[in-house]
Amino acid sequence: MNLFKRTLLAASIGLSMVGGQVHATGNSSSNIVGVIESSEQNAVEEYLITVNNLSTGLTRSIESSSGENFRFAKLPIGMYQVVVTQDGEKVGERTVRVSLGVNANANFDLGEVYEEVIVEGKLLTSVDTYTMDSGLVMGEAELDALPIARNLTAVSLLAPGVIAGDTGFGTGNSFGAASFGGASIAENSCYINGLEVTNTRQGIGCSTVPFEFYQEFQVKTGGYSAEFGRTTGGVVNAVTKSGSNSWEFGSTVYWEPNFLRSEGSISKGNNGTGDVFRNESQNEFDEVSYTFSASGPIIKDKLFFYGLINPRDKTDKFAYRSGTDQANVDTQFRERESSGADNLFWGAKIDWDINDSHRISYFGFSDRNETEELIYDFDANTGVIGQNIGASAGVTTGNTRIRGSEAHSFNYTGYITDDLSISAMAGEIETEYTTEPLALECPAIADEAGLGVSTCGGGTIGSNFDENRQYRLDVSYSLGDHGLKAGVDIQERSSTRTTAPVAGHSWTYETVGIGGVVQGDEGALFTNETGEPLQVVSDRIFEGGGGFKSDLTAFYIEDQWQILDDLMISVGLRKDIYEGEGTTGKQLFEFDTDIAPRLGFSWDPFSDGETKIYGTWGRYYLPIANNTIYRAASGVSDSTTYYTYSGIDTVTNAPTGITPINGDVPSSSVVSSVPVIPEKDIFQAQEAEPFARDEYILGFETAINEDMRVGVRGVYREVVSALDDYCGRYAWPYCVLVNPGEDMSWYADGYYWDGSALDVKGDLVDGKPDPNSLREFSADTIGLPEAKNIYRAIQADLTYSTDQMTWKFIYTWSRSTGNFEGAVKSDIDQADAGVTQDFDFPALMDGAEGYQPNDRRHVFKVFGSYDFTEDFSFGLNATLASGRPISAFGHSYPSSDPNIYGSYGDTFYHLDPETGEYVYIPRGEVGRTPWTFNVDASLRYRFLLNGVDMTASLDVYNLFDNQEATSVNEHYELNSAEVNDWYGAAYDWTAPRAARLGITAVF
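Definitions and limits used
- Residues numbered from 1 in each chain as written.
- Predicted model: local features only at pLDDT ≥ 70, side-chain atom pairs only at ≥ 80, totals over all residues.
- Heavy atoms only, no water.
- UniProt positions renumbered as here; feature names shortened; annotations may be inferred.
- Helix = DSSP H or I, 4+ residues; strand = E, 2+ residues; numbered from the N terminus.
- Buried < 20%, exposed > 50% of the residue type's maximum accessible area, 1.4 Å probe, protein only.
- Contact = heavy atoms within 4.5 Å.
- Areas by Shrake-Rupley, 256 points an atom, 1.4 Å probe, with all protein chains shown as cover.
- Core = buried A, V, L, I, M, F, W, Y, C linked by side-chain atoms within 4.5 Å.
- Salt bridge = Lys/Arg side-chain N within 4 Å of Asp/Glu carboxyl O.
- Disulfide = S-S within 2.5 Å.
- Pairing = 2+ DSSP bridges.
- Phe/Tyr/Trp six-rings, centres within 6.5 Å; stacked < 30°, edge-to-face > 60°.
- Lys NZ or Arg CZ within 6 Å of the ring centre and 35° of its normal.

Under the annotation held in an unreviewed UniProt entry, the protein carries the name TonB-dependent receptor and is attributed to Microbulbifer okhotskensis. The UniProt entry for the protein carries the following comment under Sequence similarities (unreviewed entry): "Belongs to the TonB-dependent receptor family." If you open the UniProt record of the protein and go to Subcellular location (unreviewed entry), you find "Cell outer membrane".

Moving on: the overall build of the protein. Looking only at helices and strands, one finds seven helices and 69 strands in the protein. In terms of principal-axis extent, the alpha carbons of the protein reach across some 100 × 65 × 50 Å. When burial is assessed residue by residue, the protein has 60% of its 1003 residues classed as buried. Sequence-distant contacts in the protein: of pairs separated by 6 or more residues, those separated by 24 or more amount to 72%. For the protein, the exposed surface amounts to about 36,300 Å²; the carbon and sulfur share of it is 52%.

Formed by 54 residues in total, the largest nonpolar core has its most connected members in F591, Y726, V738 and W746. The set of elements that each furnish at least two residues to this core consists of β36 (534–564), β38 (587–592), β40 (611–622), α5 (626–633), β46 (691–703), β49 (736–738) and β50 (744–746). Setting aside its immediate chain neighbours within four residues, F591 contacts D576, I577, Y578, I624, Q684, A688, E689, P690, L723 and L737.

Once that is clear, we can look at the pattern of salt bridges. Inspection of the entire model under this criterion finds 50 salt bridges. The closest approach of N and O atoms between D353 and R359, which form a salt bridge, is 2.6 Å. Note on D353: relative accessible area 3%, which makes it buried. Taking relative accessible area as the criterion, R359 reaches 12% and is therefore assigned buried. As a salt-bridge pair, R729 and E522 come within 3.6 Å of each other at their nearest N and O atoms. Linking R729 in the loop between β48 (724–726) and β49 with E522 in the loop between β34 (517–520) and β35 (523–527), this pair joins segments that are 207 residues apart in sequence. The network of salt bridges with shared partners includes E227, R230, R472, D474, K485, D489 and E558.

Attention shifts here to α5. Of all the eight residues making up α5, six are buried; the element is thus mostly covered by neighbouring parts of the structure. Every buried residue belonging to α5 is among N626, N627, T628, I629, Y630 and A633, and all of these are buried. Positive backbone phi, approximately 80°, marks G635, located one or two places after α5.

This next bit is on the state of the cysteines. Counted according to the given criterion, the structure contains three disulfides. What pairs with C442 in a disulfide is C456, and their sulfur atoms sit 2.0 Å apart. As the torsion about the S-S bond is roughly -105°, the C442-C456 disulfide counts as left-handed. Here the residue C442 occupies a position in the loop between β28 (420–437) and β29 (444–447), and C456 occupies one in the loop between β29 and β30 (460–461), the gap between them amounting to 14 residues. With a sulfur-sulfur separation of 2.0 Å, C727 is cross-linked through a disulfide to C735. Residues C727 and C735 are joined by a disulfide whose S-S torsion is about 110°; by sign, that bridge is right-handed. Classification of C727 as buried rests on a relative accessible area of 7%. For C735, a relative accessible area of 18% gives the class buried. Here the protein pairs its bonded cysteines, counted in sequence order, in the arrangement 1-2, 3-4, 5-6.

With nine bridges joining them, strand β17 (residues 248–256) and strand β20 (residues 284–299) adopt antiparallel strand pairing. Within β20, the position partnered with T252 by the bridge is T291. Note: β20 against strand β21 (residues 303–320), 13 bridges, orientation antiparallel. Across the sheet, E287 pairs through a bridge with K314, a residue of β21. Turn length for the β20-β21 hairpin, with the two strands adjacent in sequence and antiparallel, is three residues, and the turn residue D301 shows positive phi of about 65°.

Another aspect to go through is the environment of W807. Looking at the secondary structure, you find W807 in strand β55 (residues 805–818). Spatially, the C-alpha atoms of W807 and I648 are 62 Å apart, while their sequence positions differ by 159 residues.

Here we come to the packing of aromatic side chains. One pass over the structure, following the stated rule, counts 43 aromatic pairs. Ring centres of W247 and F249 lie 6.2 Å apart, and the angle between their planes is 10°; this geometry places the pair in the stacked category. Accessibility expressed as a relative area gives 46% for W247, which makes it partly exposed. An angle of 70° between the planes, with centres 5.7 Å apart, marks the rings of W255 and F259 as edge-to-face. Judged by its relative accessible area of 31%, W255 falls in the partly exposed class. Among the aromatic side chains, those forming a connected cluster through ring pairs are F213, Y306, F345, F363 and F365. Here the basic side chain of R729 rests over the ring of W753, its NZ or CZ set 4.8 Å away from the ring centre.

Listed below in structure tokens is the structure:
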């Protein structure tokens, strides 16, 4: 066994390069594991092993025999001194770092001459043969050395198999989300100190805290153990800093000035020769962020405190549009500003070591913020910003946006015996999404007919917030060569959302081409037979809502068995229960999953700790997002009525002289949702199974030498049970949760469709299942294809680390195919998790199979840092990625059969207005977006000023200012037989070059 010295700093540097396998024993703790080889061959000797946390003084001891594996479970993150004594005499000592999900190895060969082993210097390239799942672990110090955005998404994008999601799911200059292993961006979960902070409404994004508050990050891309669930994508797990026995104070200032930001891009219609579609040339972003922190002992060795406040001054200005993305140019310019008490983060962590066997911790934060938004006229062609859009109506138009979360949690960890430990958590997070319009006089106006009109207000009014109460209990027990774990995890997710359109209407001006069809609930609502394009206006009234909730319960058990000295296997089982109820308090859905296996192995073929072959197989289930309950069971009414019109109001731009297109409102309307709230037997098919994905990983990792480690792994993921809503005629006017492509049965509620006619029994329409109305429908009758979603990948990585530099190189080849993306739909930016337009009607799936929006065939990543001197360093983070597939969506279909084609949705057909023929273009067959190449670079200079440790930093993002399109308009038709002039024009680009200046003080 080689004994050597390295600096403590590189222990954490090494963590940043853990590119393969991590296996946490809890969301906020980890283990020290090891074995003692006796000084005398074939002798069994007894030893006392003691670990001591160098920051807090926490001490634990266990007894172990030579040749026997020992394990300290559920230790707080930090540096530990490990001492081995025999008969009161020290015979071995080393210092190790306990990090999230990475077992800290403390092996002792007492046959060697005793020498204190301190991890000092650079990365130790030995392989952790105790673990088998995939991901990345990084500490705050390593991230500070890299030029990355200061959010959880930016951290996750460093991991193999993770790509940037579609920016169209947000607004402004700062939205981000990530796709893990081909899954949609709404299938991930995030934890901070064991508390889940995922957006439970739609599953997109997470609450976060300032980087200065974080201590470590763990990105789990696959193969994670049974204690993690409710995700079919990936997991981002983080722990915050805690106080220690030394008082420490810190302050930072980061400024991202707009004057160092490059001008944004412009796209045009008609293949780049027409008018401007998107114009980001006038966008501005400026943010100054301050942090002030204090930490230390309230009672030495017992009670510790860490606190941080983060006031932020932020200005975000950007071009936007009114109405659907695909049909409307940028006609608005929005200015958002927040500062001072309206944008103040606070966070705190308190740890109480009652004694060496019991610890209680409190964690709390608030990132609530209030932003004032004003909306101005904007000419995309000239880039000229005009007056407030409400000026013509004598009002000031804008919004007050209330966003962010407030969270509190308590954690307990108890070491009952040397072998038995328990942990418990109780917490709650409340998240706000409210937007309050400043003007209520003007309805929403969307111009899809090229009339040059816009809204003087618009938007919706109503309450919008979530609450998630969480409880968790985990037990760990060491039994010889077995590491046993079991636990229960409960969440109570409550939501409130009410909505109504401002001024009672939402108008869209449209053109119906010659022979074009407006599809209705029972076939064609209207066909333009006038011989010329017809101007119409539609009015969508979407209103209703209330309070609703879902309850999630999970149980798991797992055994990590060191079956041989060089072979470990992991056998885990997990079971989830999902329940939801609407605003009436009656059950809407209930799913009791099958027992999900989580199996894995790790084999050290040469028994030297430097090579590992590992593999995992697991099944992962995804719960139903609360947005599904909102859409289905909150009393929402969603109807659209079509009119002709004779004029346009000069103040509000609302239509005047309107006439229902078929003479009366009922025959001129389509109904997508009724305010009646269905019960479970109406909304959930009897045979329906929850959304599930299987994953297989086989990998190899080896240390080439003390400076270099390489790894390669193959990944196969497949959706084995897709759950989505079918909204065809056999379910109308509701939608039903089904497994597409399978026989299903559900109860009726007053509406009976026999394949050609609808029989309405009005006295039975009450949201309750009609007696004896259970009907069975074959897969052929429903008409939906079997759901398919498969991800294949080969990932290779190389880690190189010396005393002066640390680098990580990653290449991922992948294919993501199928007929649906997952929980959300990136190619049209539909964020209704689990209830997108996919599988609503059979016609929408005709041509849907192909390469998925998150299919990026080749992705190269390199990141790391280089120290010119002890005080001056350089950081780099670069990505080269191939483009995503492009489709040509239409609003036409060769059949008006209501059993096949409903009243909305994007098809893979368009109607040629000249020939009258339907043109079929399956998914992703038009081409791909360009390759993207992004290089971020940073410089750090550390110096001492009056006894205060200072760091000055410069981060430059997109150093070469490569602004390639990341998504384009994929809607070939605006309406049936009406070609979209904006087809193929870019929606978004790689963000323009920007810079961030920073100064940090620690004393």
